[in-house]
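# An overview of the molecular structure
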Amino acid sequence: MHIPVMLNEVLKGLDIISNGIYFDCTFGTGGHSFVVSKFLNRHASLKMIDKDLSNFFIFGKKFFFIKKKFFFYKCAFDEISDIIYDNNLFGKVNGILVDFGISNYQLLDFNRGFGFKTDGFLDMRLDLNQNIRAVDWFNFASLDELVIVFSFIDNLKLSKAIVSEILFFRKKNKIRTSDDFYKILFKVCSSSKNYMNYFNKIYQAVRIFINNDMSVLFSFLRNIFDSLSSSGVLLFISFNSLEDKIIKNFFKNNSLVLKSFVNFIKPSIEELNNNYSSRSAIMRFFIKK
Ligand SMILES: C[S@@+](CC[C@H](N)C(=O)[O-])C[C@H]1O[C@@H](n2cnc3c(N)ncnc32)[C@H](O)[C@@H]1O
């Protein structure tokens, strides 16, 4: 089950206007959206985006019986600019939520290959129409490209060791499953004290690369301001320091258009005790002038 992260803080940050226009850029299992929808009246609109179409089939059903204006969009969230343009929403959006990463539901689905605790085909695409899967990349990526992606873990020695182990494995076999990759990592990292932490970071690095997440984030940030109304809120929940740093630095240089910003909020002790997945969450929100 996926528990929406920092739900109370999200509601407080969004400060929902009952007839407002809201975007959930990362629908997932619809947890945040569903609670947000309870604060909206029938004049409001909630637009929900996700790259992974299956999320809407599985978790969209709960919205069908509520008589409000709900819309689903299967796309990357930087395509929000097209939705804003098509619906003439420039300067009208009251709140936008981005809850990065993947849901527990996706993580535990062994057909998707997102996690190292479930063995399965090493796919890692959020959008199943995308051409390149993680297996394709693992088997054909150049040494330099592998090193660059693994440098995300901030340990050059370790990332080089992983890469040489991948190249060694590739000489005899194809990397096909999450278990193949796990074995490679285990050989290299298992003696380290923090090896679970490294495993998490490494899987995250590959997922971010395969899904082009950084380029989507930059293109989203560049275009999002015009869509917000005055006092409109942009709220992010990130799960790694790179995404968080990009967001923080981007807004540091945009203070002219901001009424205020909240530096960062971490989950409460109570949430950390109840939801392990929230442990690395960092929330930031920004309010337009
Ligand atoms: C952490 S989950 C969101 C969970 C959601 N807030 C909930 O309460 O259920 C992130 C979701 O965003 C989607 N996603 C990740 N990157 C995306 C992107 N660039 N564009 C659109 N959707 C994306 C994933 O498919 C996943 O379903």
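One can find the structure itself at the top, above this paragraph.
Here goes a summary of the coordinates provided. (Residues numbered from 1 in each chain as written. Predicted model: local features only at pLDDT ≥ 70, side-chain atom pairs only at ≥ 80, totals over all residues. Heavy atoms only, no water.)

### A closer look at the environment of Asn-41
Put simply, the test is: A run of H or I in DSSP counts as a helix once it spans at least four residues, and a run of E counts as a strand once it spans at least two, with each numbered from the N terminus. Summary of the burial criterion: residues with accessible area below 20% of their type's maximum are buried, those above 50% are exposed, and those between are partly exposed, where the area comes from a 1.4 Å probe applied to protein chains only. Contacts between residues were defined by any pair of non-hydrogen atoms, one from each residue, lying within 4.5 Å.
The residue Asn-41 is located in the loop between helix H2 (31-37) and strand S2 (45-50) in this model. Classification of Asn-41 as partly exposed rests on a relative accessible area of 26%. Distance from Asn-41 to Lys-67, taken between C-alpha atoms, is 9.2 Å for residues 26 residues apart in sequence. If sequence neighbours within four positions are ignored, Asn-41 has contacts with Ser-18, Asn-19 and Lys-68.

### Some points on the side chain of His-2
Test applied: Any pair of N or O atoms that falls within 3.5 Å is considered a polar contact. Within protein, one atom must be able to donate a hydrogen and the other to accept it, and sequence-neighbouring residues count only if both atoms are side-chain atoms.
Among the structural elements, His-2 can be located in the segment before helix H1 (7-14). From its side chain, His-2 meets the backbone nitrogen of Asn-104 in a polar contact 3.0 Å long. In this view, His-2 contacts Thr-29, Ile-102, Ser-103 and Asn-104; residues no more than four positions away in its chain are not counted.

### Details of a nonpolar patch on the surface
The test is simple: A patch consists of residues whose relative accessible area exceeds 30% and which take part in no salt bridge; residues with like charges are grouped when within 9 Å of each other, and nonpolar side chains (Val, Leu, Ile, Met, Phe, Trp, Tyr) when within 5 Å. For the area figures, the Shrake-Rupley method with a 1.4 Å probe applies, and any residue is considered shielded solely by the protein chains shown. We define a salt bridge as a side-chain nitrogen of Lys or Arg found within 4 Å of a carboxyl oxygen belonging to Asp or Glu.
Together, Leu-53, Phe-57, Ile-58 and Tyr-105 make up a nonpolar patch on the protein surface, roughly 390 Å² of accessible area in all. It is helix H3 (residues 53-59) that provides the largest number of residues to the nonpolar patch, a total of 3 residues. Take Leu-53: it is sitting in helix H3. With relative accessibility at 40%, the residue Leu-53 sits in the partly exposed group.

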